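# Residue-level structure breakdown
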Amino acid sequence: MKKNILLLCGGGGTEHEVSLVSSKFIQQNLIDIGLYNVIKVEICKDKVFRVVNADDSYGDVVTLNFNRQLVGLKTIDIHIAVPCIHGPPGETGEIQTFFELTNLPYVGCGPEASLNSFNKVTSKLWFNALEIPNTPFEFLTDMEDKKRAYDLFDRYGKIFVKAASQGSSVGCYQVFTKAELDQALINAFQYSSYVLVEKMVNARELEISTYEYDGAIIATVPGEIHCPSKFYSYEEKYNPNSKTTTEIVAPELPKEAIEKMRAYAIKAFSHLKLRHLSRIDFFYTDEGEIFLNEINTFPGMTPISMFPKMMENNGHSFKKFFKDIIAKNIL
Ligand SMILES: Nc1ncnc2c1ncn2[C@@H]1O[C@H](COP(=O)(O)OP(=O)(O)O)[C@@H](O)[C@H]1O
Ligand SMILES: [Mg+2]
């Protein structure tokens, strides 16, 4: 009997649609491996779990119970879960907490590593503790703290204001004048209870696939996002008319800078206790400084996403990567 894999997608957050696209890539790879039954379930925007059929139509409404069973018209034992969700409740660690509670094995980072990486304040506190360079910042827990944001603005002249617990550039604002600052803070607080303010840098945007393969933590050479507007906004990320392009291998980077970034990626992966896969994003400034920007604990796997391509370019098969993780963890 083939074992049953629960491929979860959606989640209802700002990256819901992206996750549906990523899940197709993973589903196809799992089908190609040929060893399992893949049951795809979308966590829909109304928070209801629905089976997704091969033709993308919805099937049963289901629930996942404490006995590791998917319950709908039938009851199916689940042997491992793949939470292909960007943003909540996947990258925020909530779904993994449930898996832990029910002893259901799963692919990817645990709840703590997910949440620590997703929260933009917590992650920067970690980077500082690990002595991994990142952009100078302050954080606010309410508007009463706003002097700290004004002081940071006075220091740097242009800053980014970011809701702490958001992805896809939602709740993320460029601030070039003092007059814009209050509104940016108010807007960011609409999304999160903590707000990060940080120095805006002129930099290239680089990404490193960082993952476990044959028992080692691997960091690829950086790929590059070329975003003409210099702000990789929600529109630039997901609008079909986006002017942004990507390169699997960032050109003309000093060897020393590449090696530093790879070392920081591996340091972050091991100390934040990431597991299986991640994409770690950097800024490489015009002055040659390296800053770790953020960690994505379930990177995008859409046709334009770099995570699987950087892995393949590094000589590692995405199918073998997935097959090995499943073999090691499945019930
Ligand atoms: N400090 C910064 N200086 C310059 N650009 C930045 C800075 N922070 C963010 N950006 C721009 O905003 C985008 C989104 O910010 P990021 O922190 O990656 O949030 P998200 O989690 O939403 O992707 C980045 O890809 C980059 O284009
Ligand atoms: Mg980002």
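Look up: the structure comes first, before these words.
Residues numbered from 1 in each chain as written. Chains lettered and ligands numbered in written order. Predicted model: local features only at pLDDT ≥ 70, side-chain atom pairs only at ≥ 80, totals over all residues. Heavy atoms only, no water.

What follows concerns empty space enclosed by the protein. Applying the stated criterion across every chain yields a total of one cavity of 30 Å³ or more. A volume near 40 Å³ is recorded for the largest cavity. Lining the largest cavity are Pro 83, Ile 85, Gly 90, Glu 91, Gln 96, Gly 108, Cys 109, Ser 114, Thr 297 and Phe 298. (1 Å grid on protein atoms, 1.4 Å probe; cavity = no way out; pocket = protein on both sides within 12 Å on 5 of 7 lines; lining within 4 Å. Points joined across faces, edges and corners; volume = space filled by probe spheres on them.)

Here we take up helix α5 (residues 146–156). Every buried residue of α5 is listed here: Ala 149, Leu 152 and Phe 153. When α5 is viewed along its axis, its buried side chains cluster within an angular range of 100 degrees and face the same direction. Elements that come into contact with the buried residues of α5 comprise β8 (137–140), β9 (159–163), β10 (172–175), α6 (178–191) and β11 (195–199). (Buried < 20%, exposed > 50% of the residue type's maximum accessible area, 1.4 Å probe, protein only. Helix = DSSP H or I, 4+ residues; strand = E, 2+ residues; numbered from the N terminus. Arc of directions from axis to C-beta. Contact = heavy atoms within 4.5 Å.)

Here we take up the state of the cysteines. Evaluated as defined, the whole model comprises zero disulfides. The closest cysteine sulfur to the non-disulfide-bonded Cys 9 is located on Cys 84, 6.8 Å from its own sulfur. Cys 172 forms no disulfide, and the closest cysteine sulfur to it belongs to Cys 227, at a distance of 12 Å. A relative accessible area of 12% places Cys 172 in the buried class. (Disulfide = S-S within 2.5 Å.)

What follows deals with the site of ligand 1. Taken together, 21 residues lie around ligand 1, and Lys 120, Lys 162, Ser 169, Glu 198 and Glu 205 are the ones closest in. Here a nitrogen atom of ligand 1 sits 2.9 Å away from a polar atom, N or O, in the main chain of Val 201. Coverage of ligand 1 by the protein amounts to 95% of the 550 Å² it exposes when considered alone. Secondary structure elements with two or more residues in the shell around ligand 1: β9, β11 and β17 (290–296). Taken together, the residues of the shell around ligand 1 sort by class into seven nonpolar, six polar and eight charged. There are two domains that each give the shell around ligand 1 at least three residues, and those are domain 2 (116–133 + 202–322) and domain 3 (137–199). (Near = heavy atom within 4 Å. Polar contact = N/O pair within 3.5 Å; in protein donor to acceptor, adjacent residues only side chain to side chain. Areas by Shrake-Rupley, 256 points an atom, 1.4 Å probe, with all protein chains shown as cover. Nonpolar A, V, L, I, M, F, W, Y, C, P; charged D, E, K, R; others polar. Domains from an automatic or database assignment.)

Within strand β1 (residues 3–10), seven of the eight residues are buried, which leaves it mostly tucked inside the rest of the structure. By the bridge criterion, eight bridges tie β1 to strand β2 (residues 36–43) in an arrangement that is parallel. Bridge pairing in β2 places Asn 4 opposite Asn 37. Running through helix α1 (residues 16–33), the crossover from β1 to the neighbouring parallel element β2 is right-handed. Across five bridges, β1 lies against strand β7 (residues 80–84) in parallel orientation. Across the sheet, Leu 7 pairs through a bridge with Val 82, a residue of β7. (Pairing = 2+ DSSP bridges. Right-handed = clockwise from strand over helix to strand, strands pointing away.)

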